[in-house]
Amino acid sequence: MDTGTSELSDDFYRILRDTDLRIKTSARAHWNTTNILESYARVTTFLVITGGGLVSLVVAIPIAFEEVYAGYNLMINLSIFFLGGLTSIISTFQAIFRWTERAQSHRIAASHYTNARRRLEMMELNLPGSVEELTHILEELTRLSDITPSVPEPIWRKAFRSVHSET
């Protein structure tokens, strides 16, 4: 009885399962990060548009309704100052954090991991698997982990727990 082949086969299947879990976790973590960043982008865009519209309305009061402005000039001026400042701060956050761009880079990373998973699934269908093909997939995963953006630790842990609870 040849135990070397059996051990190699067991190692191969263990690496295959571990690789599958790693790919699933990475893809899910990047998809989750994409969704979070896109929601930040949507909310801040809505707030900037709404704030800009409100500032425009309040600024128009002295021009369109001089009698209203005369009675409430301090409140209207403070409203312009507050709404304008808040809108400016939110738009600065958008510019600094670049949520839309970061979401796009995580979407691309998730797509790469999903494609790697499909290749792994195709390899599993053609078992007995090729050690060489698995090696190529592992090299691709290493390259992906070097070039993809990092996922915040809490999001990674949540994806890890989610994937491992499915298995």
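Note that the structure is predicted; figures quoted are calculated from it, not measured.

Undergrad: Give me the packing of aromatic side chains: which residues, what numbers.
TA: Under the definition given, this model contains 4 aromatic pairs. Relative to Y13, the ring of F12 has its centre 5.7 Å away and its plane inclined at 80°; by these criteria the two rings are edge-to-face. Note on F97 and W99: the rings are 5.4 Å apart at their centroids and 20° apart in plane angle, and the pair reads as stacked. Of the residues examined, W99 reaches a relative accessible area of 12% and is grouped as buried.

Undergrad: Explain helix α2 (residues 66-97) residue by residue, including any values.
TA: Between the first and last C-alpha of α2 there are merely 40 Å, a value that for 32 residues lags more than 12% behind the 46 Å anticipated at 1.5 Å per step. Its maximal kink placed at Y72, α2 deviates by approximately 90°. For α2, every residue scored as buried is listed here: I76, L83, T87 and I90. R98 sits one or two positions beyond α2 and adopts a positive phi of about 45°.

Undergrad: An account of the side chain of D20 is requested, with residue identities and associated values reported.
TA: Inspection of the secondary structure assignment puts D20 in helix α1 (residues 3-64). Those residues in contact with D20 that sit more than four places away from it in its chain are R117 and L120.

Undergrad: Residues and numbers for the nonpolar core, please.
TA: F12, L16, I23, A27, Y113, A116, L120, M123, L134, I137, L141 and L144 together form the largest nonpolar core, which totals 12 residues. Contributions of two or more residues to this core are made by α1, α3 (99-125) and α4 (131-147). Setting aside residues up to four positions removed in sequence, I137 forms contacts with T19, I23, R119, L120 and M123.

Undergrad: Describe in detail the pattern of salt bridges, supporting the description with residues and values.
TA: If you walk through the whole model with that rule in mind, you get 10 salt bridges. Among the salt bridges present, the one from R117 reaches D20, with a minimum N-O distance of 2.9 Å. Of this pair, R117 sits in helix α3 while D20 is found in helix α1, placing the two residues 97 residues apart along the sequence. A relative accessible area of 24% places R117 in the partly exposed class. With a shortest N-O distance of 3.5 Å, R157 and E153 are connected by a salt bridge. With R157 and E153 both in helix α5 (residues 153-166), this residue pair falls 4 residues apart, about one helical turn. The class for R157 is partly exposed, based on a relative accessible area of 41%. For E153, a relative accessible area of 45% translates into the label partly exposed. Taken together, the shared-partner salt bridges connect D20, K24, R117 and E121 into one network.

Undergrad: Account for α4, with residues named and values stated.
TA: With 17 residues, α4 should cover 24 Å at 1.5 Å per step; its first-to-last C-alpha distance of 25 Å lies within 8% of that length. L134, I137, E140, L141 and L144 are the residues of α4 that are buried. For α4, the angular spread of buried residues about the axis comes to 115°, placing them on one side. For α4, the exposed residues lying more than 90 degrees away from the buried face are E132, D146 and I147.

Undergrad: So, a nonpolar patch on the surface: which residues are in play, and what are the values?
TA: Taken together, the side chains of F65, V68, Y72 and M75 define a hydrophobic patch exposed on the protein surface, amounting to about 410 Å² of accessible area. Mapping Y72 onto the fold places it in helix α2. You can call Y72 partly exposed: its relative accessible area is 47%.

Undergrad: Explain the environment of R42 to me, and be specific about the residues and the numbers.
TA: Relative to the helices and strands, R42 resides in helix α1. For the pair R42 and M122, spaced 80 residues apart in the sequence, the C-alpha separation amounts to 37 Å.

Reading guide: rules and limits
- Residues numbered from 1 in each chain as written.
- Predicted model: local features only at pLDDT ≥ 70, side-chain atom pairs only at ≥ 80, totals over all residues.
- Heavy atoms only, no water.
- Phe/Tyr/Trp six-rings, centres within 6.5 Å; stacked < 30°, edge-to-face > 60°.
- Buried < 20%, exposed > 50% of the residue type's maximum accessible area, 1.4 Å probe, protein only.
- Helix = DSSP H or I, 4+ residues; strand = E, 2+ residues; numbered from the N terminus.
- Expected span 1.5 Å × (residues − 1).
- Bend = angle between axes of the 7 residues up to and from the residue.
- Contact = heavy atoms within 4.5 Å.
- Core = buried A, V, L, I, M, F, W, Y, C linked by side-chain atoms within 4.5 Å.
- Salt bridge = Lys/Arg side-chain N within 4 Å of Asp/Glu carboxyl O.
- Arc of directions from axis to C-beta.
- Patch = residues over 30% accessible without salt bridge, like charges linked within 9 Å, V, L, I, M, F, W, Y side chains within 5 Å.
- Areas by Shrake-Rupley, 256 points an atom, 1.4 Å probe, with all protein chains shown as cover.

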